Amino acid sequence: MLTKRFFKTKSEAEVTFEITHPEALKVELVAEFNDWQPLAMKFHKKDKRFKLKYRLPTGHEYHFRYLIDGEYWDNDEQADGYVPNGFGTQNSVVDTHKLA
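Draft legend 1. Representation of the packing of aromatic side chains. Applying the stated criterion across every chain, the model contains six aromatic pairs. Geometrically, the ring pair formed by Phe33 and Tyr62 is edge-to-face, given 5.8 Å between the ring centres and 90 degrees between the ring planes. Placement of Phe33 in the loop between β3 (27-31) and β4 (39-40) and of Tyr62 in strand β7 (residues 61-68) is noted, with a sequence separation of 29 residues between them. Tyr62 shares its class with Phe33; the two are buried. Three or more aromatic residues link up through ring pairs in this structure, and these residues are Phe17, Phe33, Tyr54, Tyr62, Phe64 and Tyr66. The ring of Phe7 is capped by Lys10, whose NZ or CZ atom sits 5.8 Å from the centre of that ring.

The structure is reproduced here in structure tokens:
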């Protein structure tokens, strides 16, 4: 799940990436906005979700995926879109264009 917060005085958006994987020990966000380097997501026991907040420049679309336990890839079920990647699967897309 993606949650976005836009700032009036900054040209960036705070995006909260969230995913539920009950059996996972570790989930990492892997995205083009950080050169595809895995970012560890924090597990929140209360709602049983892995979460990560990241600030991104507005006006762009970014590709990302979740890496589960260092072995399995997953997409965000509520991503803004999906695009084919070079591995025969799809990447999730987060869109930081402000809505009017």
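Draft legend 2. Structural detail: the layout of surface pockets. In this structure, the largest pocket spans a volume of roughly 170 Å³. Lining of the largest pocket is provided by Met1, Glu18, Ile19, Thr20, His21, Arg49, Tyr66, Asp74, Asn75, Asp76, Glu77 and Gln78. Classifying every residue of the lining of the largest pocket by side-chain character gives three nonpolar, four polar and five charged.

Definitions and cut-offs
Residues numbered from 1 in each chain as written. Predicted model: local features only at pLDDT ≥ 70, side-chain atom pairs only at ≥ 80, totals over all residues. Heavy atoms only, no water. Phe/Tyr/Trp six-rings, centres within 6.5 Å; stacked < 30°, edge-to-face > 60°. Helix = DSSP H or I, 4+ residues; strand = E, 2+ residues; numbered from the N terminus. Buried < 20%, exposed > 50% of the residue type's maximum accessible area, 1.4 Å probe, protein only. Lys NZ or Arg CZ within 6 Å of the ring centre and 35° of its normal. 1 Å grid on protein atoms, 1.4 Å probe; cavity = no way out; pocket = protein on both sides within 12 Å on 5 of 7 lines; lining within 4 Å. Points joined across faces, edges and corners; volume = space filled by probe spheres on them. Nonpolar A, V, L, I, M, F, W, Y, C, P; charged D, E, K, R; others polar.

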